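Geometric and topological summary
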Amino acid sequence: MAGYVREVSRRIFAQEFRESNLTFKDGDDQYSPQYLLTPTGAKVNRLFIVGTLIEKEDIGTDSEYWRGRVSDPTGSFMIYAGQYQPEAAQFLAECETPAFVAIVGKPSTYTTAEGTVLTSVRPESISLVDGATRDLWVADTAKRTLERIKDLDSMDPNVIKAKEHYGADNTQYSSMVKEALRSLKEDI
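Everything numeric in this text was worked out from a predicted model, so none of it was measured.

1. Quick look at helix α2 (residues 86-94)
Ala88, Ala89, Phe91 and Leu92 are the residues of α2 that are buried. Down the axis of α2, the sector holding all buried residues measures 160 degrees, keeping them to one side. Pointing more than 90 degrees away from the buried face of α2 are the exposed residues Glu87 and Glu94. Tucked inside the fold, the buried residues of α2 contact β4 (47-58), β5 (66-72), β6 (75-81), β7 (99-111) and β8 (117-128).

In structure tokens, the structure reads:
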């Protein structure tokens, strides 16, 4: 009997997340998990981000629907929480900005009429954290991103698919990682 296994949360910088636009399902039924494939080959069904909640707004008309912007050293993530993410929506309603936050959530994409793909995160959980936790996340995410960049020469099917779709330029993402790590030195 097959059991339910929760997907691993991937650590992705905002810049790479924003530049991701390839989604696919593993399987053909309606319950098959949906993935976002990033330019460095990360297959993301769930992500873990830590950054600074710099703005929030209730954009709902009939009920509360919160939009927030969480920044990391490479850019920002847009997060959206409403009635189906009640704990996250309540957190956003009560949290003061700016604040360091840790979020586990699902990637979401929206394609505009012009064909532009916009990425956002649907938070499953949001927690208040400190600056040291944010710094550890930046260092760990940098390490994992560099590992993915190193693996861009592998024959992994996700890497091949990412290279075909994005034409992954590893110098761009190596520079992004260097900038993120440089931000840690500036904080000291």
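Read on, since the account is not over.
2. What about the pairing of β8?
Where β7 and β8 come together, eleven bridges link them in antiparallel fashion. Opposite proline 107, over in β8, you have valine 121 as the bridge partner. Once β7 ends, the chain turns through five residues before running back antiparallel as β8, passing glycine 115 with a positive phi of about 95 degrees.

3. Some details on the sheet that holds strand β3 (residues 43-44)
Spatial ordering of the open sheet is given by β1-β2-β3, a layout of three strands whose pairing is antiparallel. Both edges of this open sheet fall to β1 (22-25) and β3, since each of them pairs with a single strand only. Sheet analysis places strand β2 (residues 34-37) next to β3, joined by two bridges and oriented antiparallel. The residue of β3 that forms the bridge with leucine 36 is valine 44. Across the sheet, helix α4 (residues 157-166) is in contact with β1, β2 and β3; its angle to β1 comes to roughly 140 degrees.

4. Some words on the pattern of salt bridges
In total, this model carries nine salt bridges according to the counting rule given. If you follow the salt bridges from partner to partner, you end up with Arg11, Asp140 and Arg144 in one network.

5. A closer look at the environment of glycine 82
The residue glycine 82 is located in the loop between β6 and α2 in this model. C-alpha separation for the pair glycine 82 and glutamate 64, spaced 18 residues apart in sequence, amounts to 6.0 Å.

6. Some remarks on the pairing of β5
Among the seven residues that make up β5, five are buried, leaving the element largely enclosed by the rest of the structure. The pairing of β4 with β5 spans six bridges and is antiparallel. From the neighbouring strand, glutamate 57 faces β5, where its bridge partner is arginine 67. Pairing geometry for β5 and β6, over seven bridges, is antiparallel.

Rules used in this analysis
The residue numbering used here restarts from 1 in each chain and proceeds along that chain's sequence as written. At least 70 in pLDDT is required for a residue's local features to be given in this predicted model, at least 80 for side-chain atom pairs to be given and counted, and no such filter applies to totals for whole chains, interfaces and linings, which use all residues. To get the side-chain values, all heavy atoms of the structure are used, and hydrogens and water are removed first. Note on exposure labels: buried denotes an accessible area under 20% of the residue type's maximum, exposed denotes more than 50%, and partly exposed covers the range between, all computed with a 1.4 Å probe on protein chains only. For helices the rule is a DSSP run of H or I covering at least 4 residues; for strands it is a run of E covering at least 2, with both sets numbered from the N terminus onward. Think of the arc as the fan of directions from the helix axis to the C-beta atoms. In what follows, residue pairs with any heavy atoms lying within 4.5 Å of each other are defined as contacts. Two strands are counted as paired when DSSP detects at least two bridges linking them. Each axis is a line fitted through C-alpha atoms, and for a helix only the stretch in contact is used; angles between axes span 0 to 180 degrees, taken between their N-to-C directions. Salt bridges are identified by distance alone: a Lys or Arg side-chain nitrogen within 4 Å of an Asp or Glu carboxyl oxygen.

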